[in-house]
Amino acid sequence: LIRWGEKDKGEEASWANHTGVVVEGGWVGTPPTGASPAIVIEALWHVRKGPLVLNGTEVRFFRPVPAYDEDELGRFVAEAETYVGDKYGWWKLGFQLADKVIFGGRKVLTTALHVKSRPICSFLAAYVNQVAQSSERVAKRVLSGLRNGEAMYAFGIPPQSADPDSMLDSCLAHPDLWQEVK
């Protein structure tokens, strides 16, 4: 359902249906003896912090270009930590569905939705990245030719409107802003 709801008209079925943030580096997958797993914060049934659990799922990782400096990284982790333990915002998915059905995929209701509590996975990841960014990073994006509104947001759209597919699309469309980590 999430993959159907987030794809744009004419776009093939989305690959992405979940997102989270890595707050402590480490091994991805089953770590070898003595290696520590990557630690993530993600919104599932509630917002949890813990080892990345793949359960056979394929994942992709992106980081900003240039990588966050010490201050940005500090804001990134600190903001993500504020959500740990929060309940999932199931009702927010209804706004995304309504945007799809009523407004043909345009982000109308979700853009108007300014509620930080009870996050969904995409809001958490987009908002945490938004808070982390320095004004210099945003100014560089404006100067690079991105439209002002698109340049203001980490993934080109307001965090409350983000979904995993649009975030992935943004990362793939802007390799000068997002680097895939393999």
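Treat the numbers as computed from the prediction; the structure is a model and nothing was measured.

With respect to the overall build of the protein chain
Along its length, the protein chain carries eight helices and five strands. Listing each helix as α and each strand as β along the protein chain from the N terminus yields α-β-β-β-β-α-α-α-α-α-α-α-β. Compactness check: the protein chain gives a C-alpha radius of gyration of 16 Å against a globular reference of 16 Å for 182 residues, within 12% of the reference. A principal-axis box enclosing the C-alpha atoms of the protein chain has dimensions of 50 × 40 × 30 Å. Every one of the 182 residues in the protein chain was classed for burial, and the buried ones make up 38%. Sequence separation of at least 24 residues holds for 66% of the intrachain contacts in the protein chain that already meet a minimum separation of 6. In the form shown here, the protein chain has an accessible surface area of approximately 10,200 Å², with 59% of it arising from carbon and sulfur atoms. Charged side chains in the protein chain number 20 positive and 22 negative. The centres of these two groups are separated by 4 Å.

Thoughts on the sheet that holds strand β3 (residues 47-51)
Within the open sheet, the three strands sit side by side as β1-β2-β3. Their pairing is antiparallel. At either margin of the open sheet sits one strand with a lone partner, and together these are β1 (21-24) and β3. Strand-to-strand twist across the sheet, computed as the mean angle between neighbouring axes with direction ignored, equals 30°. The sheet contact formed by β1 and strand β2 (residues 39-43) spans three bridges and is antiparallel. Opposite Val22, over in β2, you have Val40 as the bridge partner. Set on the sheet, helix α2 (residues 70-81) makes contact with β1, β2 and β3; between it and β1 the angle comes to about 105°. Strands β1, β2 and β3 of the sheet are contacted by helix α5 (residues 121-132), whose axis makes an angle of about 60° with β1.

So, the packing of α2 against α5
Direction vectors running N to C along α2 and α5 enclose 145°, while the axes themselves pass 8 Å from each other. Between α2 and α5 lies a crossing whose hand is right-handed. Of the residues in α5, those in contact with Glu72, Arg75, Phe76, Glu79 and Ala80 of α2 are Tyr127, Val128, Asn129, Val131 and Ala132. Considering only residue class, the contact of α2 with α5 consists of six nonpolar, one polar and three charged.

A short note on unusual backbone geometry
Between Val65 and the following residue, Pro66, the backbone shows a cis peptide bond with an omega angle of -10°. For Asn55, which is not glycine, the phi dihedral falls at a positive 50°. Position of Asn55 relative to the elements: it lies in the loop between β3 and β4 (61-64). Here Asn55 falls in the exposed class, since its relative accessible area comes to 69%.

Some remarks on helix α6 (residues 135-143)
Looking only at α6, the buried set comprises Arg137, Val138 and Arg141. Seen along its axis, α6 keeps its buried residues to an arc of 100°; they face one direction. Facing away from the buried side of α6 by over 90 degrees, the exposed positions are Ser135, Glu136, Lys140 and Leu143. Trailing α6 by a residue or two, Gly145 shows a phi angle of about 105°, which is positive.

Topic: the confidence of the model for the protein chain
Overall, the predicted model of the protein chain reaches an average pLDDT of 86, with 92% of residues at or above 70. Confidence, expressed as mean pLDDT per element, reaches its minimum in the protein chain at helix α1 (residues 2-6) with 48 and its maximum at α2 with 97.

Some words on the packing of aromatic side chains
As enumerated under the stated definition, the model contains seven aromatic pairs in all. Aromatic pair Tyr88 and Trp90: ring centres 4.5 Å apart, planes at 55°, arrangement tilted. Between Phe155 and Trp178, the ring centres sit 4.6 Å apart and the planes meet at 10°, which makes this aromatic pair stacked. Placement of the pair is Phe155 in the loop between α7 (148-152) and α8 (164-173) and Trp178 in strand β5 (residues 178-181), with a sequence separation of 23 residues. The buried category is assigned to Trp178, whose relative accessible area is 6%. Here the aromatic cluster, defined as three or more aromatic residues joined through ring pairs, consists of Trp45, Tyr88 and Trp90. When the ring centre of Phe123 is taken as origin, the NZ or CZ atom of Lys92, which lies over that ring, is 5.1 Å away.

Rules behind the numbers
- Residues numbered from 1 in each chain as written.
- Predicted model: local features only at pLDDT ≥ 70, side-chain atom pairs only at ≥ 80, totals over all residues.
- Heavy atoms only, no water.
- Helix = DSSP H or I, 4+ residues; strand = E, 2+ residues; numbered from the N terminus.
- Rg over C-alpha atoms; globule rule 2.2 N^0.38 Å.
- Buried < 20%, exposed > 50% of the residue type's maximum accessible area, 1.4 Å probe, protein only.
- Contact = heavy atoms within 4.5 Å.
- Areas by Shrake-Rupley, 256 points an atom, 1.4 Å probe, with all protein chains shown as cover.
- Lys, Arg positive; Asp, Glu negative; His and termini not counted.
- Charge placed at Lys NZ, Arg CZ, Asp CG, Glu CD.
- Pairing = 2+ DSSP bridges.
- Axes fitted to C-alpha atoms, helices over the stretch in contact; angles between N-to-C directions.
- Left-handed = near helix turned anticlockwise from the far one by under 90°.
- Nonpolar A, V, L, I, M, F, W, Y, C, P; charged D, E, K, R; others polar.
- Arc of directions from axis to C-beta.
- pLDDT = per-residue confidence, 0-100.
- Phe/Tyr/Trp six-rings, centres within 6.5 Å; stacked < 30°, edge-to-face > 60°.
- Lys NZ or Arg CZ within 6 Å of the ring centre and 35° of its normal.

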